[in-house]
Amino acid sequence: MLNVDYILYGDYVLPVDEPFSVIQDGAVAVMGREIVGVGTSESISKQYAPRNVIKKEKSVILPGLINTHTHAAMVYFRGIADDLPLKEWLEGHIWPAENRWLSPEFISDSIELACLEMLRAGVTTYNDMYFYEDAAGRAAKKIGMRAVLGSGILDFPSVSANSTEDYLRNAENFIRDWNGDELITPCIAPHALYTCGPETLKKSRTLADRFNVPLHIHLSETQWEVSEVMARHRMKPVEYLESLGFLDEKVLAAHCVWIEDNEIELLAKRKVGVSHCMESNLKLASGFAPVVTMLMSGVKVTFGTDGAASNNDLNILSEMATTAKVHKALSENPTVLDAKTAIRMATRWGAEVLGLGDKTGTLEKGKLADIVIMDLNKPHLTPLYDVSSHIVYSATASDVDTVMVNGKVVISSGKLVTADEAEILHKARLWSEKIKAADRG
């Protein structure tokens, strides 16, 4: 028998492998950072001798969920400017708040809260677009969360940079400092086509190629945005990016609400990943992305929450449920976006579009041990006929019992074990008092 650090036992194991196996009375063996075995409890217990055993009665083990688009530090702006159109919300409220409050200290403290919220909801990896990402990286690493951190780039000044060249220089320094880290993947994040000109987009593309890192961009989120791009460039947004040589499999495009069939074909051809942010799009009345058409065309669509200032949470489980139901209604077809597809979008495909498909997203031998155990012994999860259906349509964040990232337990019995939850919440409340006092003043 081989010695391992952990064996995790569950009534069900969902590896999210190619055939979408469901292992009843299953187990996962972990040694160091990696999964070394997945199978039935009987087969795993015969092969491996564990130092630690995690066994929850009435449970399902699945890969960690992946949030492919967020602005995690905006969790401190949750609820400050609700019920407004995107342009007014962004330009009239969010950008002024960012200019007033953003700093490395603000980012560090808010990222701790965001990581706590996501981990307790079973999210083990998130893809970010924001500023002061070096502070974000240190905070995420402290908590023990995997993150792809996009250094934000704009064509106008902010508190983090005075010029486009400053943003690009900050991004390059961030990449140099973090490339090769076991938890943090640096990324280039030009904000959008209406905030970044063609030269900025080309320079971002060149920088990403030079260091072989992902690109993360907002794309066709609103009708206003599409109209603006058409007026400036006489091309639709995806066509415009194609003309710049921007599109390939390294690109993750967030939203893609207002795209047409020929643009979808381009995204599929260039293997661009898409992050669908259903709840944020609903709340901001941005529209309905053609998700079913994208999936049928071969585009890998995944789930993002957007920032907590426009969602207002960072919960991928609720994104799965809302998205599946809304797109059934929109297509007038209850068979589209079935539970298994939703789980693939939230795990395997999320890892693949972030360039992490060889590391995470499934429970397979050789993958990193990013694992979630959900408690099925709940009234709303009883009785159980189809475990995939329950995960998508019935489960909530409070059902997450245990979370492992990179082979380390970070959530145990629903509580964070890598940092003090009370202290994280206390700091959040102190920041909110400062923000409210400034608004009153």
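Higher on the page you've got the structure.
Residues numbered from 1 in each chain as written. Predicted model: local features only at pLDDT ≥ 70, side-chain atom pairs only at ≥ 80, totals over all residues. Heavy atoms only, no water.

Draft legend 1. The arrangement of the overall build of the protein chain in detail. Across its full length, the protein chain holds 16 helices and 17 strands. In summary, the protein chain has a C-alpha radius of gyration of 21 Å against a globular reference of 22 Å for 441 residues, a match within 12%. Counting only residues that meet the buried cut, the protein chain has 60% of its 441 residues in that class. Counting only contacts in the protein chain whose residues sit at least 6 apart along the sequence, the fraction spanning at least 24 positions is 72%. Surface summary for the protein chain: the accessible area is close to 17000 Å², and the carbon and sulfur share equals 50%. Of note, the protein chain has its 45 positive side-chain charges centred 3 Å away from the centre of its 59 negative side-chain charges. (Helix = DSSP H or I, 4+ residues; strand = E, 2+ residues; numbered from the N terminus. Rg over C-alpha atoms; globule rule 2.2 N^0.38 Å. Buried < 20%, exposed > 50% of the residue type's maximum accessible area, 1.4 Å probe, protein only. Contact = heavy atoms within 4.5 Å. Areas by Shrake-Rupley, 256 points an atom, 1.4 Å probe, with all protein chains shown as cover. Lys, Arg positive; Asp, Glu negative; His and termini not counted. Charge placed at Lys NZ, Arg CZ, Asp CG, Glu CD.)

Draft legend 2. Just the layout of surface pockets, in detail. Taken as a whole, the largest pocket holds about 380 Å³ of empty space. In this structure, the largest pocket is lined by 20 residues; those nearest its centre are Thr 185, Asn 212, Gly 355, Leu 356 and Lys 359. Counting residues per element, the lining of the largest pocket draws most heavily on strand E9 (residues 184-190), at 3 residues. Residue classes in the lining of the largest pocket are distributed as 8 nonpolar, 5 polar and 7 charged. (1 Å grid on protein atoms, 1.4 Å probe; cavity = no way out; pocket = protein on both sides within 12 Å on 5 of 7 lines; lining within 4 Å. Points joined across faces, edges and corners; volume = space filled by probe spheres on them. Nonpolar A, V, L, I, M, F, W, Y, C, P; charged D, E, K, R; others polar.)

Draft legend 3. Focus on the pattern of salt bridges. Tallied over the full model, the rule gives 32 salt bridges. As a salt-bridge pair, Glu 228 and Arg 232 come within 3.2 Å of each other at their nearest N and O atoms. On the criterion of helical spacing, the pair formed by Glu 228 and Arg 232 is a turn pair, its members being 4 residues apart in helix H7 (residues 223-233). What makes Glu 228 partly exposed here is its relative accessible area of 25%. (Salt bridge = Lys/Arg side-chain N within 4 Å of Asp/Glu carboxyl O.)

Draft legend 4. Quick look at the nonpolar core. Counting residues in hydrophobic clusters, the biggest one holds 124 residues, and the most contacted among them are Phe 77, Ile 111, Tyr 126, Met 294 and Met 320. The leading source of residues in this core is helix H3 (residues 104-120), at 9 residues. Setting aside anything within four residues of it in sequence, one finds Met 294 in contact with Cys 256, Ile 259, Ile 264, Val 274, Ala 289, Val 299 and Val 301. By size, the runner-up hydrophobic cluster in this structure holds 14 residues, among which are Val 28, Ile 61, Leu 363 and Ile 371. (Core = buried A, V, L, I, M, F, W, Y, C linked by side-chain atoms within 4.5 Å.)

Draft legend 5. Structural detail: the packing of helix H5 (residues 164-178) against helix H6 (residues 198-211). At a closest axis distance of 11 Å, the pairing of H5 and H6 adopts a crossing angle of 15 degrees. One finds that H5 runs roughly parallel with respect to H6. The two elements H5 and H6 cross, and the hand of that crossing is right-handed. Packed against H5, whose contacting residues are Thr 164, Glu 165, Leu 168, Ala 171, Glu 172, Ile 175 and Arg 176, the element H6 presents Thr 200, Lys 203, Ser 204, Leu 207, Arg 210 and Phe 211 at the interface. (Axes fitted to C-alpha atoms, helices over the stretch in contact; angles between N-to-C directions. Parallel < 35°, antiparallel > 145°, perpendicular 65-115°, else oblique. Left-handed = near helix turned anticlockwise from the far one by under 90°.)

Draft legend 6. Representation of H3 in the model. Helix length check: H3, at 17 residues, gives a terminal C-alpha distance of 24 Å against a target of 24 Å (1.5 Å per residue), a fit within 8%. Counted residue by residue, H3 has 12 buried out of 17 residues, so it is predominantly covered. Burial in H3 covers these residues: Phe 106, Ile 107, Asp 109, Ser 110, Ile 111, Glu 112, Leu 113, Ala 114, Cys 115, Leu 116, Met 118 and Leu 119. Immediately beyond the C-terminal end of H3, within one or two residues, lies Gly 122, with a positive phi of roughly 85 degrees. (Expected span 1.5 Å × (residues − 1).)

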